Number of protein chains: 2
Amino acid sequence: MAETPIRFGILGCADIARKQSKAINLSPNSILYAIGSRSLDKAKKFAEENGFPASAKIYGSYEAVLDDPDVDVVYVPLPTSLHVQWAVLAAKKKKHLLLEKPVALNVAEFDQIVEACEANGVQFMDGTMWMHHPRTAKMNEFLSDTQRFGQLKAVQSFFSFPGDDYFLKNNIRVKPGLDGLGALGDAGWYCIRSILWATNDELPKTVTALHGPVINEAGVILACGSSLQWEDGKTATFHCSFLSHLTMDITAVGTKGTLHVHDFIIPFDEKSASFSTICQIGFKERALPSQNVVTTDLSQEVCMVRELSRLVKSIKENGSKPESKWPSMSRKTQLILDAVKASIDKGFEPVQVGA
Amino acid sequence: MAETPIRFGILGCADIARKQSKAINLSPNSILYAIGSRSLDKAKKFAEENGFPASAKIYGSYEAVLDDPDVDVVYVPLPTSLHVQWAVLAAKKKKHLLLEKPVALNVAEFDQIVEACEANGVQFMDGTMWMHHPRTAKMNEFLSDTQRFGQLKAVQSFFSFPGDDYFLKNNIRVKPGLDGLGALGDAGWYCIRSILWATNDELPKTVTALHGPVINEAGVILACGSSLQWEDGKTATFHCSFLSHLTMDITAVGTKGTLHVHDFIIPFDEKSASFSTICQIGFKERALPSQNVVTTDLSQEVCMVRELSRLVKSIKENGSKPESKWPSMSRKTQLILDAVKASIDKGFEPVQVGA
């Protein structure tokens, strides 16, 4: 007997939901089960265009998706300003959650989501796909290797993509009432996550935004950067921007090795992703960096959906507890994001990172 | 008739002078002509070990090298604290100058050197070898290409190498009275130069040191970072350190393209050096970065000596004026270095970059 797949319901017809729908379709343990939009016509069109099965439920509201008892997981690709409302409601309706990033406008909002998830025993995961690429686990092995990498000393992260004129005027990511955290909430989320990831999720002591952020007329960040400082002397910097060419870098430097990856957000070649490492090379030993290639049949977004579905299945069928590492990681990312924002607002003063 | 080569005299027997001696030997238009050390025995030994011709002059003092009328160029690899004294004296003796970096302890000192060079019509060049690698010119072409690279938006530079226990206790680079600028003067010099290079030598408006520099008991910087801001919104960051694995990165991001190089200080393979570029790639077009390989028969240090000798020859034989771009570049690098130091001293406040 075939296993019962985990049933996904989607709130809204955001662009990113197209990619996610494809991933849900391709993941072996999940199905596209329902979609809700404030416009039933839009929902129908979206379902037709994105491989929903004929049996899929098409709803004219978000509430209807949450009220459908057969929906296991709700995917929320709504603007950030709507996250707390819909994610909390979904959790209360016992729906597991896949929430787009940034997870909230601030950590206080996110804590409401986490509390609702905990009170209702549902799994939370944010939509940071690259965490699920098998390359990420492979890079982790290198960073954890005390012989090859040693102790982490510094991280630099950079994520930019160029918004065109239309994007910079109309996209929800440049609108204060929608994704009000702008480039910091969008591109910066990934940078912060990559830095946390490299430090094995150790929160920095302080965060200091860099001078020179670019802010639009409505007060939304289009480009900014920050430095981060840890108790043990580690430091990191990142730059995120809607105004520069597509660049997706992590550089992690230890006492004995260095890691470079230039496509951490979305691999240039999804099925054969690489990163480079150098170990213990001094000035006098000439050697080229090693190219480490990780192949995968499933794209990172499919891996993400598969992992979430696996966790949800285990909760449903075995009474397992939700995996806390995912909301914990999201929360730490949001904490730093809040601190960067606070540092900008305070004229680039260092900000203690709250617990 | 063979051309007369340019005659180099070296002050002192520093380690770096071994590499430079080899370069002078290999450069087609220069010869190792003299060496002076406070110890005649050390000078003799150095000359024997480093390919000086039998006819080379071995002196028991620096002054004697400067007083030798046949020395064209003096190479000064002395500790930074001695630069102003010996470089000014050399210029007054009409010697052209190859001066190790950092060129001085501060720009006021360096200005004395520049004034002496100008007053005596001698060429000045600092020992930043990578500027002379043909790869650098090739990377320049990319950065200047408005179609492929667009307008520069951000630069990240990183240069670290791990000092061992002996280095961190005894090297002149960690001694306040010798190379008192520490990792900022040594590794940071290269980072600052790389950022200036990427901006086509445009000075930033402000420089703000990053929190968290590592400073030894004697007050010398072992690791630090800074951000830089330009009038037009460009930004840059760098990190320099004696405490991390060998890492030698420049990332330059424009509106239409991105450049990465991971061995800008000393190419992994000196004769076949590469850098990678990506242009106009959005999320939906999957493409790999281009690897650009530049081959050269002469190492970058030989290219440097050859260029300096060419300039000196032209001054000697054709009455040309010294090329001002080299001291100008050194001065701008030192100005930023001073501003980073000042920002650290002022508690990480932004510092205006003096003209």
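Everything numeric in this text was worked out from a predicted model, so none of it was measured.

Let's shift gears to the interface of chain B and chain A. With 48 residues of chain B in contact, the opposing surface of chain A contributes 47 residues. Where the side of chain B that touches chain A is concerned, the elements lending two or more residues are β7 (152-160), β8 (206-209), β10 (221-229), β11 (235-241), β12 (247-254) and β13 (257-261) of chain B. Here the side of chain B that touches chain A is composed, by residue class, of 17 nonpolar, 26 polar and 5 charged.

Further remarks concern the relation of the copies chain B and chain A. Mapping chain B onto chain A calls for a screw motion: a turn of 180° about the axis and a shift of 0.0 Å along it, with 0.0 Å RMSD after fitting. The relationship between the two copies is best expressed as a two-fold rotation axis. The share of interface residues of chain B whose copies in chain A are also at the interface is 98%, consistent with both copies meeting through the same surface.

In this section: the packing of helix α9 (residues 187-198) of chain B against helix α11 (residues 325-345) of chain B. Relative orientation and spacing of two packed helices are given, respectively, by the angle between their axes and the distance between those axes. All names here are of chain B. At a minimum axis separation of 9 Å, α9 and α11 run at an interaxial angle of 120°. Judged by the twist between their axes, the crossing of α9 over α11 is right-handed. Facing Gly188, Trp189, Ile192, Arg193 and Leu196 of α9, the residues of α11 in contact are Met329, Lys332, Thr333, Ile336, Leu337 and Val340.

Right, let's talk about the sheet that holds strand β6 (residues 124-126) of chain B for a bit. Residue and element names in this part refer to chain B. Spatial ordering of the open sheet is given by β3-β2-β1-β4-β5-β6, a layout of 6 strands whose pairing is parallel. Edge positions in the sheet fall to β3 (57-59) and β6, since each has one partner strand and no second. With direction set aside, neighbouring strand axes in the sheet form an average angle of 25°. The pairing of strand β4 (residues 73-76) with strand β5 (residues 96-99) spans 4 bridges and is classified as parallel. Across the sheet, residue Val76 finds its bridge partner in β5, namely Leu99.

A separate point is the sheet that holds strand β5 (residues 96-99) of chain A. Residues and elements named next belong to chain A. Taken in spatial order, the 6 strands of this open sheet run β3-β2-β1-β4-β5-β6, and their pairing is parallel. A single partner strand is all that each edge strand has here, and the edge strands are β3 (57-59) and β6 (124-126). Neighbour to neighbour, the strand axes of the sheet diverge by 25° on average, direction disregarded. Each of β1 (6-11), β2 (30-36), β4 (73-76), β5 and β6 is contacted by helix α10 (residues 300-318), which is oriented at about 120° to β1, the strand it contacts most.

What counts as what
- Residues numbered from 1 in each chain as written.
- Chains lettered and ligands numbered in written order.
- Predicted model: local features only at pLDDT ≥ 70, side-chain atom pairs only at ≥ 80, totals over all residues.
- Contact = placed C-beta atoms within 7 Å.
- Helix = DSSP H or I, 4+ residues; strand = E, 2+ residues; numbered from the N terminus.
- Nonpolar A, V, L, I, M, F, W, Y, C, P; charged D, E, K, R; others polar.
- Least-squares fit on C-alpha atoms with pLDDT ≥ 70 in both.
- Axes fitted to C-alpha atoms, helices over the stretch in contact; angles between N-to-C directions.
- Left-handed = near helix turned anticlockwise from the far one by under 90°.
- Pairing = 2+ DSSP bridges.

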